Amino acid sequence: MGEVKTIGVLTSGGDAPGMNAAIRAVVMTALASGIEVKGIMRGYAGLLNGEIIDMDEKMVSEIMRKGGTILYTARCKEFMTPEGQEKGAQVLRDNGIDSLIVIGGDGSFKGAQALSNLGINTVALPGTIDLDIACTDYTIGFDTAVNTAVDAIDKIQDTSTSHERCSIIEVMGRNAGYIALWCNIANGADGILIPEKEEFDEQDLVETILNNRKKGKTHHIIINAEGIGESNRLAKRLEAATGIETRATILGYIQRGGRPTAKDRVYASTMGAYAVDLLLGGATNRVIAYKSGQFTDYDINEALAMKKTIDEYQFLVSRMLVQH
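Residues numbered from 1 in each chain as written. Predicted model: local features only at pLDDT ≥ 70, side-chain atom pairs only at ≥ 80, totals over all residues. Heavy atoms only, no water.

Trainee: Got a sec to walk through helix α4 (residues 82-94)? Specific residues and values, please.
Mentor: Helix length check: α4 (13 residues) gives 18 Å between terminal C-alpha atoms against 18 Å at 1.5 Å per residue, within 8%. Listing the buried residues of α4 in full gives Gly84, Gln85, Gly88, Ala89, Val91 and Leu92. The buried residues of α4 all sit within an arc of 160° when viewed along its axis, so they share a single face. The exposed residues of α4 that point more than 90 degrees off its buried face are Pro82, Glu83 and Asp94. Positive phi appears at Gly96, one or two residues downstream of α4, with a value of about 70°. (Helix = DSSP H or I, 4+ residues; strand = E, 2+ residues; numbered from the N terminus. Expected span 1.5 Å × (residues − 1). Buried < 20%, exposed > 50% of the residue type's maximum accessible area, 1.4 Å probe, protein only. Arc of directions from axis to C-beta.)

Trainee: Outline a nonpolar patch on the surface, listing residues and values.
Mentor: Taken together, the side chains of Ile185, Met320 and Leu321 present a nonpolar region at the surface, about 280 Å² in accessible area. Tracing the backbone through its elements, the reader meets Ile185 in helix α7 (residues 178-187). (Patch = residues over 30% accessible without salt bridge, like charges linked within 9 Å, V, L, I, M, F, W, Y side chains within 5 Å. Areas by Shrake-Rupley, 256 points an atom, 1.4 Å probe, with all protein chains shown as cover. Salt bridge = Lys/Arg side-chain N within 4 Å of Asp/Glu carboxyl O.)

Trainee: So, the sheet that holds strand β1 (residues 6-11): which residues are in play, and what are the values?
Mentor: With mixed pairing, the seven strands of this open sheet are ordered in space as β3-β2-β1-β4-β5-β10-β11. Because the sheet does not close on itself, it has two edges, and the strands there are β3 (52-54) and β11 (294-299). The average undirected angle you get between the axes of adjacent strands in this sheet is 25°. Bridge count between strand β4 (residues 99-104) and strand β5 (residues 121-126): six bridges; the pairing is parallel. Following the sheet pairing, Ile103 is matched in β5 by Leu125. Strands in contact with helix α5 (residues 106-117) are β4, β5 and β10 (286-291); relative to β5, the strand with the most contacts, it is inclined by about 170°. Along the sheet, helix α10 (residues 262-280) makes contact with β1, β4, β5, β10 and β11, crossing β5 at roughly 165°. (Pairing = 2+ DSSP bridges. Axes fitted to C-alpha atoms, helices over the stretch in contact; angles between N-to-C directions. Contact = heavy atoms within 4.5 Å.)

This is how it looks when you write it as structure tokens:
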């Protein structure tokens, strides 16, 4: 690995609150060490199109409190091909970029891995609201997304109580149930449906609702993960089975937006600075992680080979705290 002179930074895949804090930390840390920074617009798609800008302190001075990503983001099928990856590596070389920091999910990590194999020094940061990256206990944006969902569910509970309804609330998470699990515990729901536990018993859900109604409960909340989906159909089935008016609400993209929480700002900033320090220390092909209370890093190949599983004790707690 040669001397680091210019670091590129891009955001890829779904946006997540806190990405801007990470970008700011990358820029400020690199510039403080005399390293130039170039921003790559629109992820790997922008890389292939040569959408590259110079970055300075002024450009990032007011971005930490903003949701989304000032570099924009996109998905790029072309970059999934060997030809696209070769082209991307050459674009970086042509622009004098010897090192790259990628902020995104596991798909983005695979792109960073490919560029590393082509001689570009790479470090990846876990930027996804889904918390579905196995090597880390924290991903940039998860805390904000959960807080947004919890607040929305609190509001839905108010109107659900007023109308004595059952509400099915679908939260994001792609094929992972972590947002749903946290919301289930935080909001005191009657039930939870997550992809990791697909063998749920719908009749048991019906009986829980009916038993709670007999005990005097006037509203019911079911948290449904995006990976299960079909919330409107479930609402119709539960209403038919219980005789209780049931409505579905899909929270959707509000969970991606909004001002990042303090945790997302602080952790994302720490990860951004850590990424620059790794590159300056001669590392490449690494993923930043937060594990067992410490910021650390893994080889990308090792990180991608890990499998994420639901915390069984947290799931047990979520079931134990269901109001029966």
